[in-house]
Amino acid sequence: MKYPGSIIAKNVRNKMKIMSMTVRGEKDLEWLRIVFVMSVLTRAIYTDVKKGIIENRCIMSGLLLAGGYAVLHNGGKGFLESITMAMVMLVVLFVLFVLKGLGAGDIKLFCVLAAFYPKSAMGIVVVSFLVAAGMSIVRMLTRFLKREPVYLKGETINFSIPIGIATATIEVMQWNSI
């Protein structure tokens, strides 16, 4: 006859086995990260293009998803690594905000991505600035060829688009390197 305590112990052991299998494999939860990141980026790009802002609820959702993903993927160590990189990103990019080179929503979006990709966060920043520079050059050349003014005063770039392209590029590079 089985005692209730042994049944409970068996259930706990099975749950621990499932959790350890989930945490152990590096690629097990990659699809989940991709779904989370792409949903946050899609919403951010949509609101940035439509309204000119990146909503705080999109950022908060992204941070919660990133924290949950980090805990599932690497436990407490992963969570601390994600939060630390998001804070580093905030401090580093705050200088650009003060100089009016980057909007607050863009910086917060970079922080969310740093929480999802702690090891690739600076790469995402560099690639997004390169993509933004390329977009600016194409825009300027197109206007030059049409004999329009190359630069219009007060003109900005919806930086969430280069951030999205950079994130997709980094993700593809990571998948191809493994």
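Residues numbered from 1 in each chain as written. Predicted model: local features only at pLDDT ≥ 70, side-chain atom pairs only at ≥ 80, totals over all residues. Heavy atoms only, no water.

Engineer: Teacher, can you tell me more about the packing of helix 2 (residues 30–51) against helix 4 (residues 104–116) here?
Structural biologist: Packed helices, taken two at a time, are described by the angle between their axes plus the distance between the axes. Where helix 2 contacts helix 4, the axes come no closer than 11 Å and their chain directions differ by 175°. In this view, helix 2 runs roughly antiparallel relative to helix 4, as classed from their interaxial angle. Together, Arg33, Phe36, Val37, Val40, Leu41, Ala44 and Asp48 of helix 2 and Asp106, Leu109, Val112, Leu113 and Phe116 of helix 4 make up the contact between the two elements. Per-class residue counts for the contact of helix 2 with helix 4 are nine nonpolar, no polar and three charged. (Axes fitted to C-alpha atoms, helices over the stretch in contact; angles between N-to-C directions. Helix = DSSP H or I, 4+ residues; strand = E, 2+ residues; numbered from the N terminus. Parallel < 35°, antiparallel > 145°, perpendicular 65-115°, else oblique. Contact = heavy atoms within 4.5 Å. Nonpolar A, V, L, I, M, F, W, Y, C, P; charged D, E, K, R; others polar.)

Engineer: Mind showing me how you'd approach the pattern of salt bridges here?
Structural biologist: Close approach of charged atoms allows side chains with opposite charge to pair. A complete count under the given rule lists six salt bridges for this structure. A salt bridge links arginine 43 to glutamate 55, with the nearest nitrogen and oxygen atoms 3.0 Å apart. Note that arginine 43 is positioned in helix 2 and glutamate 55 in the loop between helix 2 and helix 3 (56–98), a separation of twelve residues in sequence. Judged by relative accessible area, which is 33%, arginine 43 ranks as partly exposed. (Salt bridge = Lys/Arg side-chain N within 4 Å of Asp/Glu carboxyl O. Buried < 20%, exposed > 50% of the residue type's maximum accessible area, 1.4 Å probe, protein only.)

Engineer: Could you clarify how one ought to interpret the confidence of the model for the protein chain in this entry?
Structural biologist: Interpreting fine coordinate detail is not advised for predicted regions of low pLDDT. In the predicted model, the protein chain carries a mean pLDDT of 85, and the fraction of residues at 70 or more is 83%. Mean pLDDT across the secondary structure elements of the protein chain bottoms out at helix 1 (residues 4–24), with 50, and peaks at helix 4, with 95. Long-range and interchain partners of residues 19–24, a stretch whose pLDDT sits below 50, account for five contacts in this model, where long-range means more than four residues apart. (pLDDT = per-residue confidence, 0-100.)

Engineer: Where do I start with helix 4 in this structure?
Structural biologist: Structurally, the α-helix is built with 3.6 residues per turn, so residues lying three or four positions apart point the same way. For helix 4, built from 13 residues, the straight-helix expectation of 18 Å at 1.5 Å per residue is met to within 8% by its first-to-last C-alpha distance of 19 Å. Summarising burial for helix 4: eleven of the 13 residues are buried, a large majority. Along helix 4, the positions that sit buried rather than exposed are Gly105, Asp106, Ile107, Leu109, Phe110, Cys111, Val112, Leu113, Ala114, Ala115 and Phe116. (Expected span 1.5 Å × (residues − 1).)

Engineer: I'm lost on the layout of surface pockets in this one. Help?
Structural biologist: The gaps left among the atoms become clear once a water-sized probe is rolled over them. In this model, the largest pocket occupies a volume close to 440 Å³. Taken together, 23 residues form the lining of the largest pocket, with Glu155, Thr156, Ile157, Asn158 and Phe159 sitting closest to its centre. For the lining of the largest pocket, the secondary structure elements donating two or more residues are helix 4 and helix 5 (121–145). For the lining of the largest pocket, the element with the highest residue contribution is helix 5, accounting for five residues. Its residues assigned to classes, the lining of the largest pocket shows ten nonpolar, seven polar and six charged. (1 Å grid on protein atoms, 1.4 Å probe; cavity = no way out; pocket = protein on both sides within 12 Å on 5 of 7 lines; lining within 4 Å. Points joined across faces, edges and corners; volume = space filled by probe spheres on them.)

Engineer: Please explain the environment of isoleucine 83 as it appears in this structure.
Structural biologist: Relative to the assigned elements, isoleucine 83 resides in helix 3. Linking isoleucine 83 and valine 112, residues 29 residues apart in sequence, is a C-alpha distance of 9.2 Å.

Engineer: Explain the nonpolar core to me, please; I cannot follow it from the model alone.
Structural biologist: One finds Met89, Leu109, Phe110 and Phe116 to be the most contacted residues of the largest nonpolar core, which totals 37 residues. Counting residues per element, the ones that place at least two in this core are helix 2, helix 3, helix 4, helix 5 and helix 6 (160–177). The element that contributes the greatest number of residues to this core is helix 4, accounting for nine residues. If sequence neighbours within four positions are ignored, phenylalanine 110 has contacts with Met89, Leu93, Leu102, Ile124, Val125, Ser128, Phe159 and Ile163. (Core = buried A, V, L, I, M, F, W, Y, C linked by side-chain atoms within 4.5 Å.)

Engineer: What should I look at first to understand the environment of leucine 113 in this one?
Structural biologist: Mapped onto the elements of the fold, leucine 113 is located in helix 4. Placed eleven residues apart in sequence, leucine 113 and isoleucine 124 show a C-alpha to C-alpha distance of 8.2 Å. Setting aside chain neighbours within four positions, we find leucine 113 in contact with Val37, Leu41, Ile124, Ile163 and Thr167.

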